[in-house]
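Chains, contacts and geometry: an overview
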Amino acid sequence: MIVIIGGSFAGVQAALELRRLDKKQRIVIFEKEKYLGYVPNGLNELLKGNIKKLEEAILYDLSELKSNQIEVHLSSECTFVDPVNKQVTILKEGHEMDIRYHQLIVAIGSIQRPLSLERETNLVYQTKTLADAQRTFDKLQKDVSSVAVLGGGIIGVELASALRQFNPRLEITILEKFDYLLELAVDRVISDAIVEKLYNENIQLYTGIDFESIQEDKSSTCIKTNQGTFESDMIIKAPNLEPNHRMLEGVIALDIDGSSIVNQGFQAVESLYVLGDLLRLKLMPIKEKFYMPLINNSVRTALVVANHIGGKNELTFESTKTNVFAAFGLTVVRSGAQKRNERFTFYNIDKCSGVYCLPDENRSNLYVVIFVREDTHEILGIQAASEVDISCFADLFSIIIRGKLSVEELATHDFFFHAAYPSKVTHFLNELALDYLDKQKEH
Ligand SMILES: Cc1cc2nc3c(=O)[nH]c(=O)nc-3n(C[C@H](O)[C@H](O)[C@H](O)COP(=O)(O)OP(=O)(O)OC[C@H]3O[C@@H](n4cnc5c(N)ncnc54)[C@H](O)[C@@H]3O)c2cc1C
């Protein structure tokens, strides 16, 4: 029997792939929540009016798994893993039971990092699980006229943007510890474009913030920081995620950040595999491991593990860290490494940026940044932002990076042209590559 702990993106994908490979194997999922695969930006979609209730952001239907003969136990929390005796302890409706396994897959994901200032208070709201998001939404519907968002990464910026759509009069302040917004996520060129939009939407932004403490009086909450005290009706935290590693302490080897130490097939010890947001993964273009919590990464780790369990060891996974996010009317697409990753490489990373136009009717603009390995001209990363939906470019960028294209190859790559379809005789990626090569000549 294969036991999977955690029925979210990684756990469910592992179950489906295991079933595809083996029609007879008994596969059992234990999930502590009452649902499978809540997409954590459900709250944003609700605030923007794209869905009517958070339950619409649940991705998987129980019946689909049942029809694949996958047993699912909801409201069933794993409390203990015993790899020596190959058994797990499951807590359901107040009763504990021990379940033996042949192979165990742990896919218990990530949590929103607890902040030291919220210790022993329940004044800070968060958004990752459906219950957290519901509590946050319920509070927002009460008498809230100001919100402080703690964290100016992707999660915080998307949340602030959704809050603005929800309530045009809400006072919104983003408090960010790094020196600029989205510092870990994107290049300064893209960050600056978003900051300009954010100020137009009347959102306050403070960077370089160190949180000190938090206090509540009758009507508001005060956060003390190195840059003074900020008062608001509500605080929502949006920190980076971290591996949900507590249950694995003392069971398998963990890295300093709590991520699991595993081999290429994501196996930690005999018959025990770890998936998704519990892992640090190699960033493919620079071969350095980072914590990159993404649904697209989680499901690929699941494919690798299912195939390894099925005896197919040739599948491996390194991430191109490809994703799309949208805030304040800009869609941002990114894939691969960026300039700030240079500290992990023995070579220099060049960067070149420009504003180009899309082949749509309006010839809309997009900002593009390309990151290139200086000595070989291999393209290591591409980021772009535009006021129109450019999400279709995410997968194109990731294929360029996975394919290790050089700038010279991209400069003359034959993108299609047809007058009846949105296309130009030269693609913006040709133009960007040519601009990079021109700048090289100037140096
Ligand atoms: C606000 C927000 C927006 C995001 N937007 C995106 C996005 O647009 N695109 C993207 O790719 N990524 C996004 N992410 C990241 C993405 O949510 C994670 O990478 C993804 O959820 C990881 O999937 P997972 O299956 O590895 O883990 P998780 O989704 O964290 O799932 C772990 C599962 O295990 C269960 N569990 C935990 N402990 C136990 C236990 N002891 N016993 C039984 N079950 C247990 C949990 O209930 C949960 O269902 C976002 C994250 C946040 C917070």
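Everything in this summary refers to the structure shown in the same document.

Conventions we followed
- For every chain, the first residue of its written sequence is number 1, and the numbers climb from 1 along that sequence.
- Totals for whole chains, interfaces and linings use all residues, but because this is a predicted model, local features are given only for residues with pLDDT of at least 70 and pairs of side-chain atoms are given and counted only at 80 or more.
- The side-chain figures draw on all heavy atoms in the structure; neither hydrogens nor water molecules are used.
- Helix and strand definitions follow DSSP, with helices as H or I runs of at least four residues and strands as E runs of at least two, each counted in order from the N terminus.
- Categorising residues by exposure relies on relative accessible area from a 1.4 Å probe, with only protein chains included: less than 20% of the type maximum marks a residue as buried, more than 50% marks it as exposed, and the intermediate range marks it as partly exposed.
- Contacts between residues were defined by any pair of non-hydrogen atoms, one from each residue, lying within 4.5 Å.
- Using a 1.4 Å probe, the Shrake-Rupley method yields the accessible areas, and only the shown protein chains count as cover for residues.
- Neither His nor the chain termini are counted; the positive set is Lys and Arg, and the negative set is Asp and Glu.
- Taken as the charge location is NZ of Lys, CZ of Arg, CG of Asp or CD of Glu.
- Here, a salt bridge means any Lys or Arg side-chain nitrogen found within 4 Å of an Asp or Glu carboxyl oxygen.
- Under the rule applied, a polar contact is a pair of N or O atoms within 3.5 Å (in protein, one hydrogen donor and one hydrogen acceptor; residues adjacent in sequence only if both atoms are side-chain atoms).
- For helices, the fitted axis covers only the stretch in contact; all axes are lines through C-alpha atoms, and the angles between them, taken along N-to-C directions, range from 0 to 180 degrees.
- In this scheme the crossing of two helices becomes right-handed for a clockwise turn of the near helix relative to the far one and left-handed for an anticlockwise turn of less than a right angle.
- The classification used treats Ala, Val, Leu, Ile, Met, Phe, Trp, Tyr, Cys and Pro as nonpolar, Asp, Glu, Lys and Arg as charged, and all other residues, Gly among them, as polar.
- Residues belong to one nonpolar core when they are buried, are Ala, Val, Leu, Ile, Met, Phe, Trp, Tyr or Cys, and are joined through side-chain atoms within 4.5 Å.
- Only strands joined by at least two bridges in the DSSP assignment are considered to pair.

1. Overview of the overall build of the protein chain
Summing up its helical and strand segments, the protein chain has ten helices and 26 strands in all. Each of the three principal axes of the protein chain carries a C-alpha extent, and together these read 70 × 60 × 45 Å. For the protein chain, buried positions account for 53% of its 443 residues. Within the protein chain, contacts between residues at least 6 apart in sequence are counted, and of these 62% link residues at least 24 apart. Surface exposure of the protein chain reaches about 21,100 Å², of which carbon and sulfur atoms provide 48%. Taking the average location of the 48 positive side-chain charges in the protein chain and that of its 61 negative ones, the two points are 4 Å from each other.

2. Description of the side chain of aspartate 233
As for its placement among the helices and strands, aspartate 233 is situated in the loop between strand S15 (228-232) and strand S16 (234-237). We note that aspartate 233 is buried and unpaired, the nearest opposite charge coming from lysine 139 at a distance of 7.5 Å. Only 2.7 Å separates the side chain of aspartate 233 from the backbone nitrogen of serine 145, close enough to count as a polar contact. The residues contacting aspartate 233, other than those within four sequence positions of it, are Lys139, Asp143, Val144, Ser145, Ser146, Ser219, Ser220 and Thr221.

3. Some words on the packing of helix H1 (residues 9-21) against helix H7 (residues 295-309)
Relative to each other, H1 and H7 sit at 35 degrees, their axes nearing to 8 Å. Where H1 crosses over H7, the handedness of that crossing is right-handed. Within the contact between the two elements, H1 uses Phe9, Ala10, Gln13, Ala14, Glu17, Leu18 and Leu21 and H7 uses Ile295, Ser298, Val299, Ala302, Leu303, Ala306, Asn307 and Ile309. Tallied by class, residues from the contact of H1 with H7 come to eleven nonpolar, three polar and one charged.

4. Quick notes on the nonpolar core
Side chains that are nonpolar tend, in soluble globular proteins, to be buried together. Ile5, Val88, Ile105, Leu163 and Ile194 are the most contacted members of the largest nonpolar core, which totals 108 residues. Setting aside residues up to four positions removed in sequence, isoleucine 194 forms contacts with Val157, Leu181, Leu182, Phe325, Phe328, Leu330 and Val332. Membership of the second largest hydrophobic core comes to 28 residues, among which are Leu366, Ala394, Ala411 and Leu437.

5. What to know about the environment of leucine 175
Along the chain, the position of leucine 175 falls in strand S11 (residues 171-175). Leucine 175 sits 209 residues away from alanine 384 along the chain, and the two C-alpha atoms are 25 Å apart. Not counting residues up to four positions away in its chain, the partners in contact with leucine 175 are Val149, Leu150, Gly151, Gly152, Tyr206, Ile209, Phe211, Ile223 and Phe230.

6. Regarding the pattern of salt bridges
Inspection of every chain in the model, using the stated rule, returns 16 salt bridges. Here arginine 20 and glutamate 17 are joined by a salt bridge, their closest N and O atoms 3.0 Å apart. With arginine 20 and glutamate 17 both in helix H1 and three residues apart, this pair spans about one turn of that helix. When its relative accessible area of 54% is taken as the criterion, arginine 20 is described as exposed.

7. Some thoughts on the pairing of strand S25 (residues 365-373)
Taken across its nine residues, S25 has seven buried, putting it largely inside the fold. Alignment of strand S24 (residues 349-357) against S25, held across nine bridges, turns out to be antiparallel. Its bridge partner being in S25, tyrosine 356 is matched across the sheet by leucine 366. Examined bridge by bridge, S25 and strand S26 (residues 379-386) share seven bridges and lie antiparallel to one another. Directly across from valine 368, in S26, lies its bridge partner alanine 384. In this structure, the hairpin formed by S25 and S26 is closed by a connection of five residues, where histidine 377 is found at a positive phi of approximately 65 degrees.

8. Some details on the sheet that holds S26
In sheet architecture, strand pairing relies on hydrogen bonds along the backbone and comes in two forms, parallel and antiparallel. Read from one edge to the other, the open sheet built from five strands follows the order S22-S23-S26-S25-S24, with strand pairing classed as antiparallel. Both outer strands of the open sheet, strand S22 (323-327) and S24, are each paired with one neighbouring strand and no more. Along the sheet, successive strands turn relative to each other by an average axial angle of 15 degrees, direction set aside. Where S22 lies against strand S23 (residues 330-336), five bridges are found, and the strand directions are antiparallel. Residue pairing for S23: asparagine 323 is matched across the bridge by arginine 334.

9. A look at the side chain of asparagine 297
Looking at the secondary structure, you find asparagine 297 in helix H7. Assessed through its relative accessible area of 3%, asparagine 297 is described here as buried. Polar contacts involving the side chain of asparagine 297 include one to the side chain of serine 319, which spans 2.9 Å. Dropping the residues within four chain positions of it, asparagine 297 is found in contact with Leu281, Met292, Phe317 and Ser319.

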